[in-house]
Amino acid sequence: MEKKKIEVIPYLSFSGNCEEALNTYIKAFGGEIHYMSRWTEETFDITPEQIGKVMHVGFSIGGTRRAAGDDFAGSGVNTDIKLMVHMDSEEEALHTISVLAESGSVLSPLKPHPKPDDGGCGSVIKDRFGFTWIITCPNPAKKKGRIKYWRKVICSSMSHAINAGCEKTSIPP
């Protein structure tokens with residue numbers, strides 16, 4: 001596997017008060033929320049108490065990216081840190097999962113995240129040293145669909161532009 005620069009992202013788990021905690025941290029240290037998704041009636045998987053709570057949030061404090069979510073699988077707040085790494089492809093993610101799972105265990109196999117985060121896939125692994133890793137990658141099924149969709153939109157727009165007398169340009173296949 002090609003060596004490249006990767007970013008290990010601390011992942012914090014909360015028991016229903018993730019958004020409140022992040023607002024407190026950002027108020028204390030400065031920072032920003034980059035994205036946030038919430039559990040819905042269609043996506044909750046443990047208890048209806050999840051509905052409206054934070055499924056995933058990406059944020060930064062200072063120059064450090066972090067991620068978090070409300071975790072309803074445990075009992076109480078889990079202050080154990082999880083390490084999250086975004087891989088560029090499903091192939092890289094599967095390789096990483098395989099290496100981390102040696103003498104460890106795959107707690108959740110690589111699969112698409114629930115909507116609205118289904119543009120990505122994730123797996124959870126506990127390595128032989130006791131650390132929990134969240135390995136993510138783009139959802140290959142969604143990536144292909146998005147490319148086809150945008151190519152169709154662009155081609156349609158070009159067709160209208162050409163018919164209106166604009167100069168023709170090319171789109172890579």
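See the structure shown above.
What counts as what
- Residues numbered from 1 in each chain as written.
- Predicted model: local features only at pLDDT ≥ 70, side-chain atom pairs only at ≥ 80, totals over all residues.
- Heavy atoms only, no water.
- Helix = DSSP H or I, 4+ residues; strand = E, 2+ residues; numbered from the N terminus.
- Pairing = 2+ DSSP bridges.
- Axes fitted to C-alpha atoms, helices over the stretch in contact; angles between N-to-C directions.
- Core = buried A, V, L, I, M, F, W, Y, C linked by side-chain atoms within 4.5 Å.
- Buried < 20%, exposed > 50% of the residue type's maximum accessible area, 1.4 Å probe, protein only.
- Contact = heavy atoms within 4.5 Å.
- Expected span 1.5 Å × (residues − 1).
- Arc of directions from axis to C-beta.
- Salt bridge = Lys/Arg side-chain N within 4 Å of Asp/Glu carboxyl O.

A. A look at unusual backbone geometry. Residue Pro116 is bonded to the preceding Lys115 through a cis peptide linkage, with omega at 5°. Position of Pro116 relative to the elements: it lies in the loop between β6 (105–112) and β7 (120–126).

B. Inspection of the sheet that holds β6 at higher detail. Read across the open sheet, the eight strands follow the order β2-β3-β4-β1-β5-β8-β7-β6; overall the sheet is mixed. Strands with a single pairing partner mark the edges of an open sheet, and in this sheet they are β2 (32–38) and β6. Strand-to-strand twist across the sheet, computed as the mean angle between neighbouring axes with direction ignored, equals 20°. By the bridge criterion, four bridges tie strand β1 (residues 8–14) to strand β4 (residues 64–70) in an arrangement that is parallel. Paired with Tyr11 across the strands is Ala67, a residue of β4.

C. Main features of the nonpolar core. In terms of nonpolar packing, the biggest core is built from 13 residues, with Met87, Ala93, Leu110, Ile125, Trp133, Ile135 and Cys137 touching the most fellow members. Where this core is concerned, the elements lending two or more residues are β5 (82–86), α2 (90–101), β7 and β8 (132–138). Top contributing element to this core by residue count: α2, with four residues. Among all residues touching Leu110, those that are not within four sequence positions of it are Glu90, Ala93, Leu94, Ile97, Cys121, Gly122, Ser123, Ile135 and Cys137. Membership of the second largest hydrophobic core comes to nine residues, among which are Phe14, Leu22, Val54 and Phe59.

D. A look at α2. Taking 1.5 Å per residue as the helical rise, α2 with its twelve residues ought to reach 16 Å, and the 16 Å between its terminal C-alpha atoms agrees with that figure. For α2, the set of buried residues is Ala93, Thr96, Ile97, Leu100 and Ala101. The buried residues of α2 occupy an angular sector of 125° when projected down its axis, which confines them to one face. Residues of α2 that are buried in the fold lie against β6, β7 and β8. Phi turns positive one or two residues past the end of α2, at Ser103, with a value near 60°.

E. Examining the pattern of salt bridges more closely. Scanning all chains against the criterion turns up three salt bridges. As a salt-bridge pair, Glu7 and Arg65 come within 3.2 Å of each other at their nearest N and O atoms. Placement of the pair is Glu7 in the segment before β1 and Arg65 in strand β4, with a sequence separation of 58 residues. Since its relative accessible area comes to 36%, Arg65 is described here as partly exposed. In this structure, the salt-bridge partner of Glu19 is Arg38, at a minimum N-O distance of 2.8 Å.

Read these as geometric descriptors, not functional statements.
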